[in-house]
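Analysis of the macromolecular model
One letter stands for each residue in the lines below.
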Amino acid sequence: MRPLIRIFRLMVQSQRKALLQGAALSLVVLLMGAALLGLSGWFITAAAAAGLAGAGATFDVFRPSAMVRFLALGRTAARYGERLTTHDATLRVLAALRVRLLARAAALPFDEMIRARRSAGLNRITADVDALDGIPLRLILPIGAGLAAHGLVFAVLWWLSDLRVAAAILVIHLLGAAAVMAWAGARAAGPSADAERAGQTYRARLLDLVRARADLVVHGRLPAEAGAVHASDAERRTLQAGLDRTGRRAGAALALVASAAAAAALWIGLGLVESGTLTPALAALGVFTALALAETLAPMHRAATELGRMRLAADRMGAVLDTAAAPAEGPAPAPDRAAPVLALDRLALQRLGAAAPVFEGLSLALAPGEVLALTGPSGSGKSTVLQIAAGVSQASAGRAHLLGQPLADWPEQALRDTVTLVPQRASLVAGTLRDNLALAAPDADDATLLAALDACALGATFAARGGLEAPIGPGGAGLSGGEARRVALARALLRRPALLLLDEPTEGLDRATAAAVLAGIRAALPEAAILIAAHRAVEIAAADRSLAMTSMT
């Protein structure tokens, strides 16, 4: 239970006032429900007894009936307020938790962060966060409010009725609910976690099928992949059906517990009435109050069947939250304008477990306005050098300086304002062209956005599609590979970096377009130093000089 308690504490820290208000309203709802049914039972029985005794004309029906109406309306209002408050607070907490998780993920090493961006990782994080809403809504708050309600009702029944009636209701409800919860929780813990894993697998496979459907059709793999998705869905449904059966049985058992409590209150109350210790109306008060307290047991069966799912999500979220946070931001170091924009001194990279380094002894200096092309075969470390220069990967040895200051001394925000890396894969979001460009420059006007497009030879292309309002699908759907890459390049230009790092920027472009794009980038950022991981002759020709990585090993 520790991971669940930890996540709930984080929720309370984020939305303490709203969750406390929701807990208070939950308690008010339960107490009003118990009071409403108990008062109704007392009222009906007392009125009947007064009629039998010939005192019906003098019996006060107005104040009890008014109280019944008040409790009925008040309970409805309190329930509405409780649902509004707790659900709003929970959604706010989950939104804040997502931000916190993304901040932690952003602090991961570059290779781990790339793995976390894959569909399976993102799907798991999304599903886990969604599963956490059950912690306050179906576990902590209902159980806490139920226990508090039972304690208060016990004291009131002891005062108004009899200790034996109050104790019987309390003991049967608490022990019965605990036994049912323990049974259902033990029975559903494993299947609940398995069902959650199966659901995440199904969603990941379905998303992969939708995204890759064109390639699957071309390679004749669509029927096989669709069959795998159906099999995954069948497994998920089978596991969920088993959980549903356990939930129904737990619900039936809890209903029996509530009935047993009411029966015990009736049996004890009848004995007390026969002995003259209680009036029939007060005995009825205990019976109907016991029936009303069944509401405290209603959420328990769902909490028990989802406990494994919530625990699995809390365990994984706790592991992510335990990763080191990004260092606190500080002032940017004073740049030395006389120094190179980028200086690498005897860098080396040794992969874990590898017998030989990927490269070693790499030194270079890049001045403002200069373009340098790194050449070499795949695997020679060109992309890794760009990642090191961007501060997202670490070299095994050597030093890296940005504007005369050690790269490690640059705070994250200042570093991102100074350096822009455009990797091989373009990352675009669903929306419009404007939405994608605005990620780099939210306040840029249309003229600035169009100028960046023109620099990347995209102005005429999008002018025929609606200009800045041209739609773009998820991941750049609707664009060719070359168009998506140029949108990413245009977005990078809007950052106006001092150092621009480009990893195979003209892949998928014909030679004439590639030359135009490279010339446009240089014209748009005349003072920027540009380092290119190049593998095409057009990229090498556009550079002022080149450096072969093969000479480093």
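Residues numbered from 1 in each chain as written. Predicted model: local features only at pLDDT ≥ 70, side-chain atom pairs only at ≥ 80, totals over all residues. Heavy atoms only, no water.

Turning our attention to the packing of helix α17 (residues 481–494) against helix α18 (residues 511–524). Each pair of packed helices can be summarised by the angle the axes make with each other and by the distance between the axes. Where α17 contacts α18, the axes come no closer than 11 Å and their chain directions differ by 10°. Viewed along their axes, α17 and α18 adopt a mutual orientation that is roughly parallel. Touching R486, L489 and L493 of α17 are T513, V517, I521 and A524, all from α18. The class makeup of the residues in the contact of α17 with α18 is five nonpolar, one polar and one charged. (Axes fitted to C-alpha atoms, helices over the stretch in contact; angles between N-to-C directions. Helix = DSSP H or I, 4+ residues; strand = E, 2+ residues; numbered from the N terminus. Parallel < 35°, antiparallel > 145°, perpendicular 65-115°, else oblique. Contact = heavy atoms within 4.5 Å. Nonpolar A, V, L, I, M, F, W, Y, C, P; charged D, E, K, R; others polar.)

Attention now goes to the UniProt feature "transmembrane region" (unreviewed entry) in the protein. In the UniProt entry, the feature "transmembrane region" (unreviewed entry) is given for residues 139–160, 166–186, 250–270 and 282–301. Its end C-alpha atoms 30 Å apart, residues 166–186 is made of 100% helix and 0% strand. Taken end to end, residues 250–270 comprises 100% helix and 0% strand; its first and last C-alpha atoms sit 30 Å apart. (UniProt positions renumbered as here; feature names shortened; annotations may be inferred.)

Turning next to the sheet that holds strand β2 (residues 359–366). Ordered by their spatial adjacency, four strands build an open sheet running β2-β1-β4-β5, and the pairing between neighbours is antiparallel. One side of each edge strand has no neighbouring strand; the edge strands of this open sheet are β2 and β5 (405–406). The sheet contact formed by strand β1 (residues 342–349) and strand β4 (residues 397–402) spans five bridges and is antiparallel. By the bridge assignment for β4, D345 is matched with R399. Its contacts with the sheet place helix α12 (residues 382–389) against β1 and β2, and it is angled at close to 125° to β1. (Pairing = 2+ DSSP bridges.)

Right, let's talk about the nonpolar core for a bit. Note on soluble globular proteins: their nonpolar side chains tend to be buried together. The biggest cluster of nonpolar side chains holds 41 residues, and the ones touching the most others in it are L433, L437, V487, L500, L502 and I521. The set of elements that each furnish at least two residues to this core consists of β3 (371–375), α14 (433–438), α15 (446–455), α17, β9 (499–503), α18 and β10 (529–533). In terms of residue count, α17 provides more of this core than any other element does, eight residues in total. Setting aside residues up to four positions removed in sequence, V487 forms contacts with L428, L433, L437, L458, F462 and L479. In terms of nonpolar packing, the next biggest core, distinct from the first, is built from 32 residues, L342, L374, V385 and W410 among them. (Core = buried A, V, L, I, M, F, W, Y, C linked by side-chain atoms within 4.5 Å. Buried < 20%, exposed > 50% of the residue type's maximum accessible area, 1.4 Å probe, protein only.)

Judged by how many residues are buried, β3 sits mostly within the fold: five of five residues are covered. Of the two faces of β3, both are covered, the one formed by V371, A373 and T375 as well as the one formed by L372 and L374. Here four bridges tie β3 to β10, and the two strands are oriented parallel to one another. Within β10, the position partnered with L374 by the bridge is A533. Examined bridge by bridge, β3 and strand β11 (residues 545–548) share four bridges and lie parallel to one another.

For the rest of this paragraph, the subject is the sheet that holds strand β6 (residues 419–422). Picture the strands of a sheet paired through backbone hydrogen bonds; they go either parallel or antiparallel. Across the sheet, which stays open at both edges, the five strands sit in the order β6-β9-β10-β3-β11 with parallel pairing between neighbours. The two strands at the open ends of the sheet, each matched to only one other strand, are β6 and β11. When the angles between neighbouring strand axes are averaged without regard to direction, this sheet yields 15°. By the bridge criterion, five bridges tie β9 to β10 in an arrangement that is parallel. Within β10, the residue paired with L499 across the bridge is A529. Each of β3, β6, β9 and β10 touches α12; the most contacted strand, β9, lies at about 155° to it.

Let us look at unusual backbone geometry. As a rule of thumb, non-glycine residues mostly have phi less than zero, and peptide bonds are mostly trans rather than cis. One non-glycine residue with positive phi stands out, namely R346, at about 50°. Relative to the assigned elements, R346 resides in strand β1. Residue R346 is classed as exposed on the basis of its relative accessible area, which comes to 57%. With a phi angle near 50°, L403 is a residue other than glycine that sits in the positive phi range. Residue placement: L403 occurs in the loop between β4 and β5.

A word on a positive patch on the surface. Side chains of R187, R245, R248 and R249 sit close together on the surface and give a patch of like positive charge. The element that contributes the greatest number of residues to the positive patch is helix α9 (residues 222–274), accounting for three residues. Structurally, R248 can be placed in helix α9. Residue R248 is classed as exposed on the basis of its relative accessible area, which comes to 55%. (Patch = residues over 30% accessible without salt bridge, like charges linked within 9 Å, V, L, I, M, F, W, Y side chains within 5 Å. Areas by Shrake-Rupley, 256 points an atom, 1.4 Å probe, with all protein chains shown as cover. Salt bridge = Lys/Arg side-chain N within 4 Å of Asp/Glu carboxyl O. Lys, Arg positive; Asp, Glu negative; His and termini not counted. Charge placed at Lys NZ, Arg CZ, Asp CG, Glu CD.)

Glancing now at the environment of L501. Note on placement: L501 falls in strand β9. The class for L501 is buried, based on a relative accessible area of 0%. For the pair L501 and A390, spaced 111 residues apart in sequence, the C-alpha to C-alpha distance is 7.6 Å. Non-local contacts of L501, meaning those with residues more than four positions away in its chain, are made with L386, A389, A390, V419, T420, L421, V422 and L531.

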